[in-house]
Amino acid sequence: MTLSRRQLVRMCAAGLIPASYVRAAEVTKKNMIVRSVRPQDLEMPLDGFSDFITPVERFFVRTHDYTPNVDLNSWKLSVEGEVHSPLTLAMDDLKRLPRVELVGVLECAGNGRSHYQPHVPGTQWSFGSVGNGRWAGARLADVLRRAGLKDSARQILFDGVDVPVGKMPDFQRTITVKKALDANTLLAFEMNGQRLPVQHGFPLRLIVPGWAGDSWVKWVQTIRVLDRDFDGFWMKTGYRRPEQPVAPGSAVDPAKMRPVTSLKVKSVIATPLDGAGALAGQPLTISGAAWSGDSGPVSAVEVSVDGGRSWRAAGLPGEHSQYGWRLWRYRWTPPAEGYYNVMARAYNSARETQPLVEEWNPSGYQWNVVQRVGVNVTPAAPSLQPAVAQADGPIDDYPAGYQAACHACHGQDMIRQQRLTRAQWEREVNKMAGWGAQVKPEERTGILKYLAGHFTQDWH
Ligand SMILES: Nc1nc2c(c(=O)[nH]1)N[C@H]1C(S)=C(S)[C@@H](COP(=O)(O)O)O[C@H]1N2
Ligand SMILES: [Mo]
């Protein structure tokens, strides 16, 4: 049955049909790099790395198939296979389960593929097949517990309603039981506070925080619990990379390939753009976003303005979460005219960082080499000299009174070298107060929280 909008509004008003009849609308995307119109592959340009939450209109889209348009009235989720009681759930059943919301990075395994040499086939993503979303839904674990996993359960298979293009194999993916039972793995029906948009999987998609996008199955309709590894194309052949480095361009023995799972630590420079101009003596902001995967969140970002000879810490102002990205910023005043190689590298809490040389792989997955942008600095006109000189350094989220208390006597670099526990920081602050630091009693807690929150034993 197809109804016109007007008929629908009238029937809703008369209470004849539930409002959930309405299909979700396609989101109009804004300023995207179009990699493919149909199936839709849209990339977010570099300016998107300045947003903490990527707006839906700027969120990249990756589909192997054409976008299906699901009618919620006839949609049902089936849970079958190695379970004690197979389930058929409607959206309302899922919404009755505890609602969980989290911020998480969704990055396509092929993000950065275009940078590989020799080139590899596939959608030629540059930096932007990634976004940071606010996802809400039910825990997959809650659904699986209701069905009751049998001891034989090994992998959980997800199948969406999208129909393969031509003879392409159906997009079906599995995740491990361990990841499926993780409290952060969700069946999401909301993105950024609104109903999940059609392109992003309406009415239901899998959220696998810390893992690459290929596991985040959209338009989920069937969950099948398997007692073995799945041998469908998208698991057995697709989304695999060599376990060990291989010669660029070589063919790799399938037995030596492993599935792509966790994201790698990575940062992208949003500003300045490669080839940008700047004026000597004028401060500019080097900024971007950084994220990581299962091994732990981003703990530090460093910036180099001399091609990697020396590195300085960038500030990480703003929100902090286990699986979301961090925005980072560094203020830099180019001292003199010239060409500068600006670079950024992220560290995660496991102290992993980005490589300077990428290990080539046949499908071009998981590019995370330290990025470089060139900046052309020209002499400033005398009238453009800054009124107040600003020191280079991280643009940070300093708490109230912090700079007056601490920077009166020393710079932030002094603090950044420290790796202390909260108790040690308390002793330091007391010692400094004894030495004359002006720590106001009402600002002490905020300062301590900042110090103990940032400069911990393992901050990088
Ligand atoms: N059903 C289905 N789910 C899918 C895909 C697909 O083609 N079909 N593409 C996957 C891939 S490869 C990625 S990177 C993400 C992209 O999610 P997005 O389009 O919401 O950004 O969805 C994943 N889920
Ligand atoms: Mo992807």
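Moving on to the site of ligand 1. Near ligand 1, the surroundings consist of 20 residues, among which F60, D162, H200, R205 and K218 are the closest. Within the backbone of F60, an N or O atom sits 2.7 Å from an oxygen atom of ligand 1. H64 is positioned such that a nitrogen or oxygen atom in its backbone is 2.9 Å from an oxygen atom of ligand 1. If ligand 1 stood free it would expose 530 Å²; the protein chains cover 100% of that surface. Among the cavities detected, the one that contains ligand 1 is the largest cavity.

On the secondary structure map, E358 appears in the loop between β22 (338-348) and β23 (371-378). There is no salt bridge for the buried E358, and the closest opposite charge comes from R241, which lies 5.0 Å off by N-O distance. Among the polar contacts made by the side chain of E358, one reaches the main-chain amide nitrogen of N368 at a distance of 2.6 Å. Setting aside chain neighbours within four positions, we find E358 in contact with Y116, Q366, W367, N368 and V369.

Take helix α8 (residues 422-434) next. If you check α8, its first and last C-alpha atoms are 18 Å apart, about what 13 residues at 1.5 Å a residue would give, namely 18 Å. Looking one or two residues past α8, G436 carries a phi angle of roughly 110°, positive in sign.

Take unusual backbone geometry next. Cis geometry is found at the peptide bond from R38 to P39, where omega equals -10°. Among the structural elements, P39 can be located in the loop between β1 (33-36) and β2 (41-43). A cis geometry characterises the amide bond from F202 onward to P203, with omega recorded as 10°. With respect to the helices and strands, the residue P203 is situated in the loop between β11 (194-195) and β12 (205-207). Of note, the phi angle at R351 is positive, near 65°, even though the residue is not glycine.

All told, the structure shown has 18 salt bridges when counted by the stated rule. Among the ionic pairs, D93 bridges to R96, the shortest N-O distance being 2.7 Å. In this structure, E426 and R422 form a salt bridge, with 3.4 Å as the shortest nitrogen-oxygen distance. One end of the pair, E426, and the other, R422, are both in helix α8, 4 residues apart, so they sit about a helical turn from each other. Residue R422 is classed as partly exposed on the basis of its relative accessible area, which comes to 39%. Residues participating in the shared-partner salt-bridge network are R99, E101 and E190.

The next subject is the environment of T378. When you line up the elements, T378 lands in strand β23. On the basis of relative accessibility, which here comes to 39%, the residue T378 falls in the partly exposed class. Linking T378 and A280, residues 98 residues apart in sequence, is a C-alpha distance of 5.9 Å. If sequence neighbours within four positions are ignored, T378 has contacts with A278, L279, A280 and E337.

Taken in spatial order, the 3 strands line up as β1-β2-β3 in an open sheet, and their pairing is antiparallel. Two strands bound the open sheet, and with one partner strand each, they are β1 and β3 (61-62). One ladder, built from 3 bridges, connects β1 with β2; its direction is antiparallel. Its bridge partner being in β2, S36 is matched across the sheet by D41.

Attention now goes to the domain arrangement of the protein. Annotation of the protein at the domain level lists domain 1 (1-28), domain 2 (77-259), domain 3 (266-378) and domain 4 (402-454). Between the C-alpha centres of domain 2 and domain 4 there is a distance of 44 Å.

This part covers the nonpolar core. The biggest cluster of nonpolar side chains holds 72 residues, and the ones touching the most others in it are F49 and W135. When residues are assigned to domains, this core turns out to be shared by domain 2 (77-259) and domain 3 (266-378), each giving three or more. Core analysis: the next-biggest nonpolar cluster, separate from the first, contains 22 residues, V303, A344, V373 and V377 among them.

Let us now look at the pairing of strand β10 (residues 186-191). In terms of burial, β10 is largely enclosed, as 6 of its 6 residues are buried. As defined by bridge partners, strand β7 (residues 130-139) adjoins β10 across 5 bridges and the pair is classed as antiparallel. Bridging from a neighbouring strand, W135 pairs with M191 of β10. Here β10 runs beside β12; their pairing, made up of 3 bridges, is antiparallel. In the strand pairing of β12, L186 is matched with I207. Sheet topology note: the β10/β11 ladder contains 2 bridges and is antiparallel. Counted as the bridge partner of E190 is R195 from β11. Hairpin connection from β10 to β11: 2 residues lie between these consecutive antiparallel strands, with N192 at a positive phi of about 50°.

Turning to the environment of N184, a few remarks are in order. Among the structural elements, N184 can be located in the loop between α4 (177-181) and β10. Residue classification places N184 among the partly exposed positions, given a relative accessible area of 28%. Considered as a pair, N184 and D41 are 143 residues apart in the sequence and their alpha carbons are 27 Å apart. Aside from chain neighbours lying at most four places away, what touches N184 is L102, I207, P209 and Y323.

Taking a probe equal in size to a water molecule and rolling it over the atoms shows the remaining empty space. A complete count under the given rule lists 2 cavities of 30 Å³ or more for this structure. The computed volume of the largest cavity comes to approximately 260 Å³. Along the wall of the largest cavity there are 20 residues; nearest its centre are R62, R205, G213, W216 and K218. Class assignment of the residues belonging to the lining of the largest cavity gives a composition of 9 nonpolar, 5 polar and 6 charged. Computed from the structure, the second largest cavity encloses a volume of approximately 40 Å³. Contributing to the lining of the second largest cavity are E107, C108, A109, L263, K264, K266, Q366, W367 and N368. Here the lining of the second largest cavity is composed, by residue class, of 4 nonpolar, 2 polar and 3 charged.

Definitions and cut-offs
Residues numbered from 1 in each chain as written. Chains lettered and ligands numbered in written order. Predicted model: local features only at pLDDT ≥ 70, side-chain atom pairs only at ≥ 80, totals over all residues. Heavy atoms only, no water. Near = heavy atom within 4 Å. Polar contact = N/O pair within 3.5 Å; in protein donor to acceptor, adjacent residues only side chain to side chain. Areas by Shrake-Rupley, 256 points an atom, 1.4 Å probe, with all protein chains shown as cover. 1 Å grid on protein atoms, 1.4 Å probe; cavity = no way out; pocket = protein on both sides within 12 Å on 5 of 7 lines; lining within 4 Å. Sits in = over half its atoms within 2 Å of the grid points. Helix = DSSP H or I, 4+ residues; strand = E, 2+ residues; numbered from the N terminus. Buried < 20%, exposed > 50% of the residue type's maximum accessible area, 1.4 Å probe, protein only. Lys, Arg positive; Asp, Glu negative; His and termini not counted. Salt bridge = Lys/Arg side-chain N within 4 Å of Asp/Glu carboxyl O. Contact = heavy atoms within 4.5 Å. Expected span 1.5 Å × (residues − 1). Pairing = 2+ DSSP bridges. Domains from an automatic or database assignment. Core = buried A, V, L, I, M, F, W, Y, C linked by side-chain atoms within 4.5 Å. Points joined across faces, edges and corners; volume = space filled by probe spheres on them. Nonpolar A, V, L, I, M, F, W, Y, C, P; charged D, E, K, R; others polar.

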